Amino acid sequence: MFAAAARRLAMVAATGVRTYASEAAPKKGGSSFPLFLGLAGAGAGLYVAKERGLLDDILGVPATGAAAAAVKPDYNAVRAAIEDLLETNPDYDDGSYGPVLVRLAWHTSGTYDKATNTGGSNGATMRFEPESNWGANAGLAVARDLLEPVKQKYPWISDLWTLAGAVAIEAMGGPAIPWRPGRSDFAPAQFVALPDGRLPDGDKDAKHIRDIFGRMGFNDQEMVALIGAHSLGRCHADRSGFDGPWTNAPTTFSNLYFKELTENKWHKKKWNGPLQYEDKSGQLMMLNTDMWLLWDKKFKPYVQQYAKDEEAFFRDFAAAFSKLLELGVPFKEDAATAASPTPKQ
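Residues numbered from 1 in each chain as written. Predicted model: local features only at pLDDT ≥ 70, side-chain atom pairs only at ≥ 80, totals over all residues. Heavy atoms only, no water.

Draft legend 1. Local environment of the overall build of the protein. Scanning the protein from N- to C-terminus turns up 14 helices and five strands. Across the protein, the fraction of contacts at a sequence separation of at least 24, relative to all contacts at a separation of at least 6, is 69%. Accessible area for the protein stands at about 17,600 Å²; split by element, carbon and sulfur atoms hold 55% of it. (Helix = DSSP H or I, 4+ residues; strand = E, 2+ residues; numbered from the N terminus. Contact = heavy atoms within 4.5 Å. Areas by Shrake-Rupley, 256 points an atom, 1.4 Å probe, with all protein chains shown as cover.)

Here's what the structure looks like:
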């Protein structure tokens with residue numbers, strides 16, 4: 001790669017010399033003028049090479065200018081690459097990486113604070129410490145590493161984590177998630193560490209839910225809809241401390257979480273771990289924050305509605321999740337008309 005880049009560089013540098021240096025025959029003697037012209041020409045060649053993106057292989061930087069313009073983003077190809085990864089490891093959890101990709105998209109976006117306009121998915125800041133090592137993000141290195149080959153194949157995409165969450169939901173039977181590109185990947189020098197504690201903690205109460213989600217700008221209905229993502233995945237004792245799935249179908253997006261919450265009987269689990277609840281079988285679990293959706297008078301009507309009406313849940317979840325993914329993203333004015341990926345039907 002470097003040899004090829006060097007050859008291209010030499011070719012363009014030579015062109016630069018011919019273009020910018022005087023073609024007059026050099027005078028004999030000790031004049032340094034020809035050397036000056038040669039250096040100027042070489043410098044011009046380097047400038048042209050950089051503008052054409054021919055130095056990118058050597059410098060290891062993303063293509064810019066004409067080279068970047070030549071790359072036509074193919075989001076449907078990225079979607080297909082993500083979906084191909086979902087069930088590549090039958091030994092991971094319940095046989096799908098889908099739930100952990102949803103959690104990655106959720107946690108990279110859920111750091112947003114509307115009061116300071118900080119956090120959110122722009123920048124992909126979970127790549128950096130200390131955010132990557134927050135307790136709330138334990139286990140998400142699995143998702144980030146899983147997507148790395150996709151990033152290598154499509155290095156132009158800076159929206160990979162959020163798109164992966166949307167694709168995973170759709171692939172697991174959920175609603176189509178409105179999504180658009182427009183994020184960037186921060187360089188280390190651009191990264192400003194966020195305070196820990198911006199993500200939900202499962203052992204807290206209704207006030208904590210409203211504090212966390214309200215900081216991002218969500219109302220009660222949106223909060224309940226977003227927590228409905230607990231229809232997917234499970235907790236891990238070696239990550240969050242909690243343990244077990246919320247439903248018996250943890251790789252299928254549905255309203256089953258709300259059905260279990262309202263129709264099942266829950267009691268405190270007797271164990272050495274943090275406070276959580278379990279059903280009679282001991283196979284399913286609920287967090288304290290889940291139970292507060294039932295106990296809180298303002299949250300409960302939405303829980304009951306979604307338990308009875310999956311279509312309403314899908315509609316409200318898609319709107320709230322799309323809003324979550326866009327928090328803090330400085331979209332360009334024409335972003336709404338940018339090339340939009342097409343979810344599979």
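Further notes follow.
Draft legend 2. Broad picture of the packing of aromatic side chains. Under the criterion given, the structure shown has 19 aromatic pairs. Centre to centre, the rings of Tyr92 and Tyr97 are 4.6 Å apart; their planes meet at 25°, and the pair counts as stacked. The same class applies to Tyr92 and to Tyr97, which are both buried. Between Tyr154 and Trp156, the aromatic rings sit 6.1 Å apart at their centres with planes inclined by 75°, giving edge-to-face as the arrangement. (Phe/Tyr/Trp six-rings, centres within 6.5 Å; stacked < 30°, edge-to-face > 60°. Buried < 20%, exposed > 50% of the residue type's maximum accessible area, 1.4 Å probe, protein only.)

Draft legend 3. Broad picture of the sheet that holds strand β4 (residues 276-278). Taken together, the three strands give an open sheet; going across it, the order is β3-β4-β5, and neighbouring strands pair in antiparallel fashion. Unpaired on one side and paired on the other, β3 (267-268) and β5 (285-287) mark the two borders of the sheet. As paired elements, β3 and β4 share two bridges and run antiparallel to each other. Residue His267 lies in a different strand from β4, and its bridge partner there is Glu278. Most of the contacts of helix α12 (residues 288-295) go to β5, to which it runs at about 80°, and overall it touches β4 and β5. (Pairing = 2+ DSSP bridges. Axes fitted to C-alpha atoms, helices over the stretch in contact; angles between N-to-C directions.)

Draft legend 4. Representation of the nonpolar core within the structure. By size, the foremost hydrophobic cluster in this structure holds 80 residues, and its most contacted members are Phe213 and Phe321. When neighbours within four sequence positions are excluded, Phe321 is seen to be in contact with Val102, Ala105, Trp106, Gly165, Ala166, Ile169, Ile177 and Leu226. (Core = buried A, V, L, I, M, F, W, Y, C linked by side-chain atoms within 4.5 Å.)

Draft legend 5. Focus on the pattern of salt bridges. Evaluation of the coordinates by the stated rule reveals 13 salt bridges. Across the pair Arg183 and Asp159 runs a salt bridge, and its minimum N-O distance is 2.9 Å. One end of the pair, Arg183, is in the loop between α8 (160-171) and α9 (206-216); the other, Asp159, is in the loop between α7 (141-153) and α8, with 24 residues separating them in the sequence. Among the ionic contacts, a cluster of salt bridges with common partners joins Asp201, Asp203 and Lys204. (Salt bridge = Lys/Arg side-chain N within 4 Å of Asp/Glu carboxyl O.)

Draft legend 6. Spotlight on the confidence of the model for the protein. Per-residue pLDDT for the protein averages 84, and the proportion of residues at 70 or more is 76%. Of the regions scoring below 50 in pLDDT, residues 1-66 engages in 45 contacts with residues more than four places distant in sequence or in other chains. (pLDDT = per-residue confidence, 0-100.)

Draft legend 7. Structural context of the packing of α9 against helix α10 (residues 220-227). Close contact between α9 and α10 brings their axes to 10 Å; oriented N to C, the two are set at 100°. In terms of orientation, α9 and α10 fall into the roughly perpendicular class. For the pair α9 and α10, contact is made by Ile209, Arg210, Phe213 and Gly214 and by Asp220, Met223, Leu226 and Ile227, respectively. Tallied by class, the residues present in the contact of α9 with α10 amount to five nonpolar, one polar and two charged. (Parallel < 35°, antiparallel > 145°, perpendicular 65-115°, else oblique. Nonpolar A, V, L, I, M, F, W, Y, C, P; charged D, E, K, R; others polar.)

Draft legend 8. Quick look at helix α5 (residues 75-85). Taken together, the buried positions of α5 are Tyr75, Val78, Arg79, Ala81, Ile82 and Leu85. Considered in projection along α5, the buried side chains sweep an arc of 165° and stay on one side of the axis. Where α5 is buried, its residues contact α6 (98-109), α7 and α8. Sitting at the head of α5, Asp74 places a side-chain oxygen 3.3 Å from the backbone nitrogen of Asn76. (Arc of directions from axis to C-beta. Polar contact = N/O pair within 3.5 Å; in protein donor to acceptor, adjacent residues only side chain to side chain.)

Draft legend 9. α7, seen in detail. Taking 1.5 Å per residue as the helical rise, α7 with its 13 residues ought to reach 18 Å, and the 19 Å between its terminal C-alpha atoms agrees with that figure. Of all the bends in α7, the greatest reaches close to 35° and is centred on Leu147; the proline Pro149 follows between one and four positions later. Where α7 is buried, its residues meet α5, α6 and α8. (Expected span 1.5 Å × (residues − 1). Bend = angle between axes of the 7 residues up to and from the residue.)

Draft legend 10. Just the environment of Ala187, in detail. With respect to the helices and strands, Ala187 occurs in the loop between α8 and α9. Taking the C-alpha atoms as reference points, Ala187 and Thr125, separated by 62 residues in sequence, lie 9.2 Å from one another.

Draft legend 11. The layout of surface pockets, seen in detail. When its volume is computed, the second largest pocket comes out at roughly 860 Å³. Within the residue set of the lining of the second largest pocket, elements represented by two or more residues are α6, α9, α10, β1 (234-235) and α12. If you tally residues by element for the lining of the second largest pocket, the top one is α6, at six residues. Its residues assigned to classes, the lining of the second largest pocket shows 19 nonpolar, 10 polar and eight charged. (1 Å grid on protein atoms, 1.4 Å probe; cavity = no way out; pocket = protein on both sides within 12 Å on 5 of 7 lines; lining within 4 Å. Points joined across faces, edges and corners; volume = space filled by probe spheres on them.)

Draft legend 12. Quick look at the side chain of Ser121. Position of Ser121 relative to the elements: it lies in the loop between α6 and α7. Side-chain polar atoms of Ser121 contact the side chain of Arg183, separated by 2.9 Å. A polar side-chain atom of Ser121 sits 2.9 Å from the main-chain carbonyl oxygen of Leu325. Contacts of Ser121, omitting those with residues within four sequence positions, involve Thr108, Ser109, Thr162, Arg183, Leu325, Leu327 and Val329.

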